[in-house]
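Architecture at a glance
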Amino acid sequence: MNPRRSDAIVIGGGLVGAAIALGLRDHGLDTVLLDEGDIAHRASRGNFGLVWVQSKGLGAPWYQRWTRGSAGEWPALAADLATRTGLDLALQQPGGVHLCLSEEEFEDRAGRMARMQAEAGNHGFDYRMIRAPELRDMLPGLGPSVVGASFTPYDGHASPLALLQALHRAFVAQGGAYVPEAKVTAATAAPHDFGVETPAGAFAAPRIVLAAGLGNAELAPRFGLAAPVRPQRGQVLVTERARPVLPMPTTTVRQTGEGTIMLGDSMEEVGFDIRQSPPVMAEIARRAALSFPWVGDLSIVRAWSALRVMAPDGLPIYDQSERFPGAFTANCHSGVTLAGAHARMLAPMIAAGALDPMLDPFTARRFDVPRAA
Ligand SMILES: Cc1cc2nc3c(=O)[nH]c(=O)nc-3n(C[C@H](O)[C@H](O)[C@H](O)COP(=O)(O)OP(=O)(O)OC[C@H]3O[C@@H](n4cnc5c(N)ncnc54)[C@H](O)[C@@H]3O)c2cc1C
């Protein structure tokens, strides 16, 4: 059977693939978005919803700049998606705080933030270390265990499920072809000439983007690329709705647009194990109740675990294949935060056929020690 031909194929319908697919479609490319389906691991449906800048890129200022650029694109992205789909992404960017529960944590955080500012150079990095008395005016009901926090004005949060749905709806409304139950099982690659087979049919295009999350590790070598990503488990707890009480998100406690309080999220190296772990959930709840004792009065109504898409150094991987030009890959563990960059900065580069040199430090060749040496 002849494959369906298009200008571009994107493999993976999570936040990363959907953002890139929409960006490609907006640049006039006939784009097919292939997704494995409900049994796949999907970080995009299990995350914490932060649009977060302040802890990104210590020792890698290019990642700080990319993240900040993405946070800067978010208001336009949210407004555009709301206009096109009618969905409210509940974006708020009032700044955010990382709470410290001991003097040791506060000093460590202060050191990290000072280093981030020094590394930012001319690009600047605004932050403040805030002591508990001032913080109590900013965050009602703060617990006595909190000694202080770091604050940056760049941070915020949004509804990740609304984001995912809006990206899909806008893509389809724009004429993009979304194909579910389409796990890529076989592929052929030649420069600017790619073919893939799926249970939903065969597809061919001169451009292909691997955005399959943890699936990229296995797909990338078929296209002369590398995506050495591993799963890292995170667990999230959600309380019943409360009156509006938290004016800004913290790294581990945030109030959603619906009023629920999300408590998160752990970082566990347990492979592909997506079971929940009561001791980890208890620790998440314990820290949340130390930060905001009133959280202890609310019932937990939902909890889940999901797997992050993590590179060895925790930074994104973006590449175009040297062997098979036209094949690109995108991998990251901050797909909510980076949605602005993926839809509005990365996709135009892919549409134009070349990644901007600003993305050179994100190549997977950084893990190739003999070559790098
Ligand atoms: C607990 C937790 C908290 C998080 N909190 C935040 C946060 O606060 N802020 C933030 O910015 N990020 C956060 N993240 C990270 C964010 O969720 C991910 O970066 C993002 O979802 C990754 O999206 P993705 O599209 O790369 O991967 P996924 O969402 O995993 O999607 C990959 C898709 O590829 C498809 N696929 C896989 N293999 C194939 C194949 N062979 N063929 C076809 N399709 C395939 C799958 O069906 C799947 O839909 C968090 C993650 C977790 C787990």
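An unreviewed UniProt entry lists the chain under the name FAD-binding oxidoreductase, with Roseomonas nitratireducens given as the organism.

Scanning all chains against the criterion turns up three cavities of 30 Å³ or more. In this model, the largest cavity occupies a volume close to 40 Å³. Lining the largest cavity are Gln-54, Ser-55, Leu-58, Arg-109, Arg-112, Met-113 and Met-116. Of the residues assigned to the lining of the largest cavity, the class counts are three nonpolar, two polar and two charged.

What follows deals with the packing of helix H2 (residues 61-85) against helix H5 (residues 160-173). Following both chains from N to C, one finds H2 and H5 inclined at 60 degrees, their axes separated by 10 Å at the closest point. Taken as axis vectors, H2 and H5 run oblique relative to one another. As H2 runs across H5, the sense of the crossing is left-handed. Judged by residue contacts, Trp-74, Leu-77, Leu-81, Arg-84 and Thr-85 of H2 engage Leu-163, Ala-166, Leu-167, Arg-169 and Ala-170 from H5. Counted by class, the contact of H2 with H5 contains seven nonpolar, one polar and two charged residues.

Another aspect to go through is the site of the ligand. Close to the ligand lie 38 residues, the nearest being Asp-35, Ser-44, Leu-50, Gly-335 and Thr-337. One of the backbone N or O atoms of Phe-48 is found 3.1 Å from a nitrogen atom in the ligand. At 2.8 Å from an oxygen atom of the ligand is found a main-chain nitrogen or oxygen belonging to Thr-337. Calculation on the ligand without its partners gives an accessible area of 1000 Å², and the protein chains cover 97% of this total. Of all elements in the fold, only helix H1 (15-26) and strand S17 (300-310) reach the threshold of two or more residues within the shell around the ligand. Broken down by element, the shell around the ligand gets its largest block of residues, three residues, from S17.

A few words on the domain arrangement of the chain. One can read the domain layout of the chain as domain 1 (4-47 + 161-228 + 313-372), domain 2 (96-153) and domain 3 (230-310). For domain 1 versus domain 3, the distance between C-alpha centres works out to 29 Å. Taken together, the contact pairs 10 residues of domain 1 with 12 residues of domain 3. Summing both sides of the interface, domain 1 and domain 3 together bury roughly 980 Å²; the carbon and sulfur share of this comes to 70%. When residues of domain 1 are sorted by the area they lose upon contact with domain 3, His-41, Leu-214 and His-333 head the list and together hold 48% of the total. Inspection of the domain 1/domain 3 interface yields zero salt bridges. Inspection of the domain 1/domain 3 interface yields one residue pair in polar contact (both at pLDDT 80 or more). Here the residues of the side of domain 1 that touches domain 3 sort into four nonpolar, six polar and no charged.

On to helix H3 (residues 103-120), then. Structural remark: α-helix, 3.6 residues per turn; residues separated by three or four positions point the same way. When the terminal C-alpha atoms of H3 are compared, their 26 Å separation across 18 residues agrees well with the 26 Å that a helix rising 1.5 Å per residue should span. Along H3, the residues classified as buried are Phe-106, Arg-109, Ala-110, Met-113, Met-116 and Ala-120. In a view along the axis of H3, the buried residues occupy a sector of 125 degrees, so they form one face of it. Set apart from the buried face of H3 by more than 90 degrees, the exposed residues are Glu-104 and Ala-118. Following H3 by one or two positions, Gly-121 adopts a phi angle in the positive range, close to 55 degrees.

Calculation notes
Residues numbered from 1 in each chain as written. Predicted model: local features only at pLDDT ≥ 70, side-chain atom pairs only at ≥ 80, totals over all residues. Heavy atoms only, no water. 1 Å grid on protein atoms, 1.4 Å probe; cavity = no way out; pocket = protein on both sides within 12 Å on 5 of 7 lines; lining within 4 Å. Points joined across faces, edges and corners; volume = space filled by probe spheres on them. Nonpolar A, V, L, I, M, F, W, Y, C, P; charged D, E, K, R; others polar. Axes fitted to C-alpha atoms, helices over the stretch in contact; angles between N-to-C directions. Helix = DSSP H or I, 4+ residues; strand = E, 2+ residues; numbered from the N terminus. Parallel < 35°, antiparallel > 145°, perpendicular 65-115°, else oblique. Left-handed = near helix turned anticlockwise from the far one by under 90°. Contact = heavy atoms within 4.5 Å. Near = heavy atom within 4 Å. Polar contact = N/O pair within 3.5 Å; in protein donor to acceptor, adjacent residues only side chain to side chain. Areas by Shrake-Rupley, 256 points an atom, 1.4 Å probe, with all protein chains shown as cover. Domains from an automatic or database assignment. Buried area = accessible area lost by both parts, 1.4 Å probe. Salt bridge = Lys/Arg side-chain N within 4 Å of Asp/Glu carboxyl O. Expected span 1.5 Å × (residues − 1). Buried < 20%, exposed > 50% of the residue type's maximum accessible area, 1.4 Å probe, protein only. Arc of directions from axis to C-beta.

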